[in-house]
Amino acid sequence: MLRLIRSLVERARRERQQGGHRQDGEDRVRTDGGTVDPAVGSRSRGERAAATVRTATEGEFLRSAVFWLPPLLLTGLFVYGAIGWNVVISLTDWNGLGDPEYASFDVEMYARMLSDATFLAAARNTVALLVAFTVVTLLLGLFLAILVDRGIRFEGVFRTVYLLPMSLSFVVTAIFWAWVYNFENGLLNELFRAVGANFLVQGWISDPQFKLAAVVFALVWQFSGYAMVVYLAGLQSIPTDQFEAARVDGAGTVKLYLRVIIPQLRASTTSAAVVLMVFALKAFDFLFVLFGTNLGKSVDILAVMMYREAFGSGNWAYGSAIATVLFLMALSVIGPYLYYQYRRGDL
Amino acid sequence: MSSLTLDHVTKIYDDDGEDVVAVDDVSLEIRDGEFLVLVGPSGCGKSTTLRMVAGLESVTSGEIRLGETAIDDRKPQDRNIAMVFQSYALYPHMTVRENMRFGLEESTDLGDDGIDDRVEDSAGLLGITELLERRPEELSGGQQQRVALGRAIVRDPEVFLMDEPLSNLDAKLRSQMRTELQRLQEDLDVTTMYVTHDQTEAMTMGDRIAILDGGRLQQVGTPLECYHEPANQFVAGFIGEPSMNFFPVERDGDVLRGDGFDYPLPPEVVDRIAAGAGDDLTLSVRPEAIAVADGPGERRFETTVDVVEPMGDENNVYLQFPGIDGTFVAVVDGYERVERGDTVTVEFPADRIHLFDRATGEAVLDRSLTRETAETETGRTI
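Residues numbered from 1 in each chain as written. Chains lettered and ligands numbered in written order. Predicted model: local features only at pLDDT ≥ 70, side-chain atom pairs only at ≥ 80, totals over all residues. Heavy atoms only, no water.

Asks: Explain the overall build of chain B here, please?
Replies: Within chain B one finds 10 helices and 21 strands. Viewed in the frame of its principal axes, chain B has a C-alpha envelope of about 75 × 45 × 45 Å. Among the 382 residues that make up chain B, the fraction classed as buried is 50%. Of the contacts made within chain B by residues no fewer than 6 positions apart, 66% connect residues no fewer than 24 positions apart. Within the structure as shown, chain B displays about 17,000 Å² of accessible surface, and the carbon and sulfur contribution to it stands at 43%. (Helix = DSSP H or I, 4+ residues; strand = E, 2+ residues; numbered from the N terminus. Buried < 20%, exposed > 50% of the residue type's maximum accessible area, 1.4 Å probe, protein only. Contact = heavy atoms within 4.5 Å. Areas by Shrake-Rupley, 256 points an atom, 1.4 Å probe, with all protein chains shown as cover.)

Set out below in structure tokens:
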């Protein structure tokens, strides 16, 4: 960040010098093939100063500063600054009340993770949630998008219906699912009882066996509409000719989608997957509302564990270390995506 | 190989409760191995007709037969036809080889080796062997066009359908591909239905051409039939470049009275006018039939030159009758010096005029065509 600013300032300074301080009497070749007017070099000092001011205000770099400087400072301080500070804290031994000591730094907190069964379970759950949630959501979203794209009646209504859960707050949906999953009188179990399938009546969010799956299912419900919209946009940008050519070529509906259409949705898949994975990493609010901070080993994820360690137990440094791990995980999802975009020239 | 028959085929679209007739009772037979060009202005129903044959549009009424078998209720994949799209519709995520293999993999039981052989053969035929491992995005427009053709040829179908396949190419490449496509079709001898809006393509490529307007079939015939004996005023105006000249006239016995000129009809022409023809007629003469005359005479008119379009060996000259607003075109020799504002005497030769009924547009008089004139005309204009 600092280097970027420095290089920008450096460039602005160079531009200013080239505009105002040509003092050697020789003709300089300009890029447009002409020569620089030697009179520029013999201008009086006052004129030169005026020219300096003029080029400085006319330079694109400074004139555009109004637009980029405030957001740069704000994100620099509150995002990157906070991340940096968090990393610094994770290297201390800060816990309980009192101030952190910045005297000695070590990686003790990171070493502690490796032997912490809770951390390992939370990390495993986080990855499992990430993978299962992303894959199922993408598949379901794709399936819905294909159905909606086949020119059905009330297409707009279905699109809205599927997307609607996305617009609800996680707090709302978490409470809603807590009711659905309730053992005594939840909708799901009542449904099973009504049809006489009593063996299916389970403690969906109390039995460690089903907890994670129940959470994934609820999140899939909420996010498949988003995946559908992304895929729908992708599907609708594929020319009708492609469908028709494949049909004339002899492909049936399934082959048509598998071999011709879905491979062309790679960009949609990538962008939807990145958004979903990053969300899965920070699925904090949903779990927090559903279970509180002690959610049990079977569904504990890093985001909640971080909160518990830091704000529950006052293990600030340990919490920061977990936060750093989460940050790195998110980066490992976003990084390749940004690189891929950069390679394609989209950035 | 077999013939393709369209039997009273009609297509009606439902546009918000209103019926829109896109194709109106078209009957057409494309013989085995024949190259038929379906031509007409945009919106005339030619693409809809082609898509009905492909199975991409349903047929409202009528029947489409391939040989003796009705195919109009079969799915596109069960019709054994191949189509070349205007946009080429190559699969962007597949290489040229995979593009060409796709149809064979989906529609035949050929093994891998068999498919490979067929792909290599077709690629060799089209000269695209060195492109096989590339993706469509790496190819030029002309190369993509070849691949699209290759994808159709490799299937060895009963019928080729081509939907304006050359319209995305530049003019030079287009005329080159026109010849090549024609030669290819002759070699392969596959029944072909070719849709275009370009009358030059129709004239030069088709064994026969079918002209559509407003969903109705106007005329089916060889290019020369359509050129020399257009069934109606629409065909006359559509075929030929520059377009035929039309003058509204009243028939007064042996004289046609037009706006700014009187045209006496010689007795042998009067005899050939269809019986029962009315007196409200359209006198029509092709620009290339109008001759520059060196002095006054019968059927010669003094005109003023409005615009000259030099074409090299020929000039398209836009002429005006004195005091009349509209212009008409004549094609004159490129060595003749004509300039804007000149006064030129032109002749409409009596054996080269057509007459159409002004109300119905039907032809009531074709130009007279002897064997010799047909041959010289062929040499000169086609």
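Asks: Explain the sheet that holds strand β10 (residues 216-221) of chain B to me, please; I cannot follow it from the model alone.
Replies: One key point about sheets: their strands pair by backbone hydrogen bonds, in either a parallel or an antiparallel sense. All names here are of chain B. Here 6 strands make up an open sheet; going across it, the order is β6-β7-β8-β3-β9-β10 and the pairing mixed. Every other strand in the sheet has two partners, leaving β6 (81-84) and β10 as the edge strands with one partner each. Strand-to-strand twist in this sheet, taken as the mean axis angle between neighbours without regard to direction, amounts to 15 degrees. (Pairing = 2+ DSSP bridges. Axes fitted to C-alpha atoms, helices over the stretch in contact; angles between N-to-C directions.)

Asks: What is the right way to read the domain arrangement of chain B from this model?
Replies: A common way to express how large an interface is: the accessible area buried when the components associate. Residues and elements named next belong to chain B. What the domain assignment reports for chain B is domain 1 (4-233) and domain 2 (236-365). Placing a centre on the C-alpha atoms of domain 1 and another on those of domain 2 gives a separation of 38 Å. In this assembly, 15 residues from domain 1 lie in contact with 15 residues from domain 2. For the pair domain 1 and domain 2, the summed buried area comes to about 1,200 Å², and 59% of that belongs to carbon and sulfur atoms. On the domain 1 side of the contact with domain 2, Gln199, Tyr227 and Gln233 bury the most area, a combined 55% of that side's loss. Applying the counting criterion to the domain 1 and domain 2 interface returns 0 salt bridges. Here domain 1 is connected to domain 2 by 8 residue pairs in polar contact (both at pLDDT 80 or more). Secondary structure elements with two or more residues in the side of domain 1 that touches domain 2: α6 (199-205), β9 (208-213) and α7 (223-228). Looking at the side of domain 1 that touches domain 2 element by element, the count peaks at 3 residues for α7. Among the residues forming the side of domain 1 that touches domain 2, the class breakdown is 9 nonpolar, 6 polar and no charged. (Domains from an automatic or database assignment. Buried area = accessible area lost by both parts, 1.4 Å probe. Salt bridge = Lys/Arg side-chain N within 4 Å of Asp/Glu carboxyl O. Polar contact = N/O pair within 3.5 Å; in protein donor to acceptor, adjacent residues only side chain to side chain. Nonpolar A, V, L, I, M, F, W, Y, C, P; charged D, E, K, R; others polar.)

Asks: Which parts of the structure should I look at to understand helix α3 (residues 112-126) of chain B?
Replies: Every α-helix winds through 3.6 residues per turn, so residues three or four apart in the chain are directed the same way. Residue and element names in this part refer to chain B. For α3, which comprises 15 residues, the first-to-last C-alpha distance of 21 Å matches the rise-based estimate of 21 Å (1.5 Å per residue) to within 8%. Within α3 the residues assigned to the buried category are Ile115, Val119, Ser122, Ala123 and Leu126. Down the axis of α3, the smallest arc covering the buried residues is 100 degrees, so these residues share one side. In α3, the exposed residues that point more than 90 degrees away from the buried face are Asp113 and Asp121. Lining the buried residues of α3 we find α2 (96-107), α4 (141-153) and α5 (171-188). Looking one or two residues beyond α3, the residue adopting positive phi is Gly127, at roughly 70 degrees. (Expected span 1.5 Å × (residues − 1). Arc of directions from axis to C-beta.)

Asks: How do you make sense of the interface of chain B and chain A when you look at a structure like this?
Replies: Chain B puts 23 residues into the contact, and the matching count from chain A is 16 residues. Taking both sides of the interface into account, the surface hidden between chain B and chain A amounts to around 1,800 Å²; carbon and sulfur atoms contribute 52%. On the chain B side of the contact with chain A, Gln77, His93 and Glu106 of chain B bury the most area, a combined 30% of that side's loss. On the surface where chain B and chain A come into contact, there are 6 salt bridges. A salt bridge links Arg155 of chain B to Asp249 of chain A, with the shortest nitrogen-to-oxygen separation between them at 3.3 Å. Connecting chain B to chain A are 12 residue pairs in polar contact (both at pLDDT 80 or more). For the side of chain B that touches chain A, the element with the highest residue contribution is α2 of chain B, accounting for 5 residues.

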